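Geometric and topological summary
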Amino acid sequence: MRFDILTLFPAIFPGYLGESLLEKGIRRRLVEVHVHDLRNWSRDKHHKVDDRPFGGGPGMVLRVEPVVEGVEEIRGRTRDPGRLILLTPQGKRFDQRYVRELATSNRLILVCGRYEGFDQRIIDILKPEELSIGDFVLNGGEVAAMVVIDAVIRLIPGVLGDATSSIDDSFSREEDWIEFPQYTRPRTYRDHGVPDVLLNGNHEEIAEWRRAHAARRTERLREAE
Ligand code: 6GU
């Protein structure tokens, strides 16, 4: 799977890309991430990509030319045009169903905004999907792009060490399924033990206990909303 990220802050990504699952996916050639600086497509001698809003008002707006021209050039670099996604708090809310859908794609192009927003003509011309990671406002789409990549790559076969370990994850089986409580050694820590059922080797009982506790956690979380 190939990701192309268009951003004003490419230096944010290398640390994240070099770690953990993602690094493993890249090393095994299951994942490719290309980070592009939007300033490459600025026509301005100062590499400006933002400007003041027509009609006045605070803040700056991301200009149309660098984004449209950057996306067009990058899209043309492979035969698969991929899915074009604009990261914006006005987008469709990201959830595990959306993650699964994106994971069926071979190529995602992620455009990170900054400033007060995108020039509307970026959306009118490129007709991207608009994606938000939740109902709050970030300073830019970069962290959201990492969230998308992180969630999607773990569904790519071969990226997780244990092929089955994403199946029981919270939210993966059904839309609103929370994972059961997990324990590992030591058996006792500061008077806190481990439920006996997990130590008795009866796999049916363990499975039933896990189902019951996952259901309870799910119910509690939904009540709290
Ligand atoms: Cl994708 N971008 C920004 N700037 N803020 C957000 C977001 C994205 N998702 C939630 N808040």
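The rules behind each value
Residues numbered from 1 in each chain as written. Predicted model: local features only at pLDDT ≥ 70, side-chain atom pairs only at ≥ 80, totals over all residues. Heavy atoms only, no water. Domains from an automatic or database assignment. Near = heavy atom within 4 Å. Polar contact = N/O pair within 3.5 Å; in protein donor to acceptor, adjacent residues only side chain to side chain. Areas by Shrake-Rupley, 256 points an atom, 1.4 Å probe, with all protein chains shown as cover. Helix = DSSP H or I, 4+ residues; strand = E, 2+ residues; numbered from the N terminus. Nonpolar A, V, L, I, M, F, W, Y, C, P; charged D, E, K, R; others polar. Core = buried A, V, L, I, M, F, W, Y, C linked by side-chain atoms within 4.5 Å. Buried < 20%, exposed > 50% of the residue type's maximum accessible area, 1.4 Å probe, protein only. Contact = heavy atoms within 4.5 Å. Salt bridge = Lys/Arg side-chain N within 4 Å of Asp/Glu carboxyl O. Pairing = 2+ DSSP bridges. Axes fitted to C-alpha atoms, helices over the stretch in contact; angles between N-to-C directions.

**Some words on the domain arrangement of the chain**
- Domains assigned within the chain are domain 1 (2-153) and domain 2 (173-224).
- If you average the C-alpha positions of domain 1 and of domain 2, the two centres end up 38 Å apart.

**Some words on the site of the ligand**
- Near the ligand, the surroundings consist of Leu87, Thr88, Pro89, Leu131, Ser132, Ile133, Gly134, Phe136, Leu138, Gly140 and Ala144.
- At a separation of 3.0 Å, a nitrogen atom of the ligand approaches a polar backbone atom of Leu138.
- Protein contact buries 96% of the 290 Å² of open area that the ligand shows by itself.
- Top contributing element to the shell around the ligand by residue count: strand β5 (residues 83-93), with three residues.
- Tallied by class, residues from the shell around the ligand come to seven nonpolar, four polar and no charged.

**Overview of unusual backbone geometry**
- In this structure, Pro186 follows Arg185 across a cis peptide bond, with omega equal to 5°.
- When you line up the elements, Pro186 lands in the loop between α6 (142-153) and α7 (203-224).
- At Lys127, a position not held by glycine, the phi torsion is positive, near 45°.
- If you trace the backbone, Lys127 turns up in the loop between α5 (120-126) and β8 (129-132).
- Phi at Asp191 takes a positive value of approximately 70°, unusual for a residue other than glycine.
- For Asp191, the position within the fold is in the loop between α6 and α7.

**Re the nonpolar core**
- In this structure, Phe3, Leu87, Leu102 and Leu110 are the most contacted members of the largest nonpolar core, which totals 29 residues.
- Contributing elements (two or more residues each) for this core: β1 (2-7), α1 (13-17), β5, α4 (96-102), β6 (107-112) and α6.
- For this core, the element with the highest residue contribution is α6, accounting for eight residues.
- Residues in contact with Leu110, not counting those within four places in the same chain, are Phe3, Asp4, Ile5, Leu6, Ile85, Leu87, Ala145, Val148 and Ile149.
- Core analysis: the second largest hydrophobic core is formed by 19 residues, Trp41, Ile74, Leu84 and Ile122 among them.

**Regarding the pattern of salt bridges**
- Enumeration according to the criterion identifies 14 salt bridges in this entry.
- Two residues, Asp4 and Arg2, come together in a salt bridge whose shortest N-O distance is 2.9 Å.
- Take Arg2: its relative accessible area is 15%, and that puts it in the buried class.
- Across the salt bridge formed by Arg83 and Glu129, the nearest N and O atoms sit 2.6 Å from each other.

**Notes on the sheet that holds β1**
- Read from one edge to the other, the open sheet built from five strands follows the order β2-β1-β6-β5-β8, with strand pairing classed as parallel. The open sheet terminates on both sides in strands that have one partner only, identified here as β2 (32-37) and β8. Across this sheet, the average inter-strand angle for adjacent strands is 30°, counted without regard to direction.
- With five bridges connecting them, β5 and β6 associate as parallel partners. By the bridge assignment for β6, Arg83 is matched with Leu108.
- Helix α3 (residues 64-75) rests against β1, β2, β5 and β6 of the sheet, and its axis sits at about 165° to β6.

**Topic: the side chain of His36**
- Along the chain, His36 falls in strand β2.
- His36 sits in the buried class, given a relative accessible area of 9%.
- Side-chain polar atoms of His36 contact the side chain of Asp4, separated by 2.8 Å.
- Ignoring sequence-local partners within four residues, the contact set of His36 consists of Asp4, Ile5, Leu6, Thr7, Trp41, Ile74 and Arg77.

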